[in-house]
Amino acid sequence: MKIDWAALASVFGVSLVVTVALVGFFTLGITGLAKRVPTAQGGGGSHALARTGAYACFALCAAAVAYGIHLIVA
């Protein structure tokens, strides 16, 4: 049995980068949802932008998971 070390290193590198990126996007999503609603001072636009960005990060994570499941099944 011969192991293709270059292919193994390539798979390891790609999986490491994708894992770190997904954890980063999920963390950004959690941070965006953790923003508190400003009190009677206004500034609701920033809160709405943070919430929208958080939902976009979660959607990106869900899409990556769905693509991974698609790769496994297909």
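Residues numbered from 1 in each chain as written. Predicted model: local features only at pLDDT ≥ 70, side-chain atom pairs only at ≥ 80, totals over all residues. Heavy atoms only, no water.

Q: Lay out the overall build of the protein chain with the relevant residues and their values.
A: In terms of helices and strands, the protein chain carries two helices and zero strands. Counting only residues that meet the buried cut, the protein chain has 9% of its 74 residues in that class. Accessible area of the protein chain: about 5900 Å², with a carbon and sulfur share of 75%. (Helix = DSSP H or I, 4+ residues; strand = E, 2+ residues; numbered from the N terminus. Buried < 20%, exposed > 50% of the residue type's maximum accessible area, 1.4 Å probe, protein only. Areas by Shrake-Rupley, 256 points an atom, 1.4 Å probe, with all protein chains shown as cover.)

Q: An account of the environment of Ser46 is requested, with residue identities and associated values reported.
A: Inspection of the secondary structure puts Ser46 in helix α2 (residues 44-73). Overall, the relative accessible area of 54% leaves Ser46 in the exposed class. Sequence-wise, Ser46 and Lys35 are eleven residues apart; in three dimensions their C-alpha atoms are separated by 9.4 Å.

Q: Tell me about the environment of Phe26, residues and numbers included.
A: Relative to the helices and strands, Phe26 is located in helix α1 (residues 5-33). Sequence separation of Phe26 and Tyr55 is 29 residues, and the distance between their C-alpha atoms is 9.8 Å.

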